[in-house]
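# Summary of structural features
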Amino acid sequence: FFQAEDGIRDTSVTGVQTCALPIYHVTRDIAHELKTPVDEAEVIKIKHAATLSKLNGSDELIDVPSVGDREARKTDRKVLGSVVEQRYEEIFEVIKSEVGKISLESIRAGVILTGGASKLDGAVELAEAVFDCDVRLGYPKPMSGAFESINGPEHATGAGLLLYALEKYKSKPDDLVKQKSAAPLFQKIQNWFSSNL
């Protein structure tokens, strides 16, 4: 489990080691390289981004809105692919390095990518090259009810946390009541840090 901060910690509740990493902004890299606003870079990333291996032989041009009132430009999609691939590779290398501080044996069984960013065309293959192991996308466990709209990798973590909480509640319902009563105090502390730091 990786978060966007600094340091490694061992959670006493689950016994699972978690690692917090610096935030990497692929969208900002795209905006900088293509000289386009960040919100437009996000749209370009979602619609057109892929690793270079997936764009091999492609000569497709994409429209890139300019900053201010200048006209949109055409850019080779491979330029976008190069920016995206470099950043993803760097992210995977940092994760591999952090996992290696614990034990590289832990990734022998494979790596599961989740989150919206994992849907990048070519992300799985790039991760396999970096980690030198099997990589797949993680999907939420099937749930009953109206959950068809959350069946993608971008919802895997959220759905997993909900299922984890449900299992904890089933086995120890009193723990949830205790956690609920502590929540307002925790929120006050969090708010204080947010406003004072």
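How each quantity is defined
Residues numbered from 1 in each chain as written. Predicted model: local features only at pLDDT ≥ 70, side-chain atom pairs only at ≥ 80, totals over all residues. Heavy atoms only, no water. Axes fitted to C-alpha atoms, helices over the stretch in contact; angles between N-to-C directions. Helix = DSSP H or I, 4+ residues; strand = E, 2+ residues; numbered from the N terminus. Parallel < 35°, antiparallel > 145°, perpendicular 65-115°, else oblique. Left-handed = near helix turned anticlockwise from the far one by under 90°. Contact = heavy atoms within 4.5 Å. Nonpolar A, V, L, I, M, F, W, Y, C, P; charged D, E, K, R; others polar. Phe/Tyr/Trp six-rings, centres within 6.5 Å; stacked < 30°, edge-to-face > 60°. Salt bridge = Lys/Arg side-chain N within 4 Å of Asp/Glu carboxyl O. Buried < 20%, exposed > 50% of the residue type's maximum accessible area, 1.4 Å probe, protein only.

### Remarks on the packing of helix H3 (residues 77–102) against helix H4 (residues 123–131)
- Direction vectors running N to C along H3 and H4 enclose 45 degrees, while the axes themselves pass 10 Å from each other. One element, H3, and the other, H4, form an angle in the oblique class. Judged by the twist between their axes, the crossing of H3 over H4 is right-handed. Residues Glu85, Tyr88, Glu89, Phe92, Glu93, Ile95 and Lys96 of H3 form the contact with H4, whose participating residues are Ala123, Leu126, Ala127, Val130 and Phe131.
- When the residues that make up the contact of H3 with H4 are grouped by side-chain class, the tally is eight nonpolar, no polar and four charged.

### A few points about the packing of aromatic side chains
- Tallied over the full model, the rule gives two aromatic pairs.
- Plain terms: the ring middles of Tyr88 and Phe92 are 6.1 Å apart, the flat faces sit at 80 degrees to each other, and that makes the pair edge-to-face. Remark: Phe92 and Tyr88 occur in helix H3; sequence separation between them is four residues, near one turn of the helix.
- Through a chain of ring-to-ring contacts, the aromatic side chains of Tyr88, Phe92 and Phe131 assemble into a single cluster.

### Here's the deal with the pattern of salt bridges
- For the coordinates displayed, the defined rule picks out seven salt bridges.
- The salt bridge partner of Glu60 is Arg77, with a shortest N-O separation of 3.1 Å. In this pair, Glu60 is assigned in the loop between helix H2 (38–48) and strand S4 (61–64) and Arg77 in helix H3, connecting sequence segments 17 residues apart.
- The exposure class assigned to Glu60 is partly exposed, which follows from its relative accessible area of 32%.
- Residue classification places Arg77 among the buried positions, given a relative accessible area of 16%.

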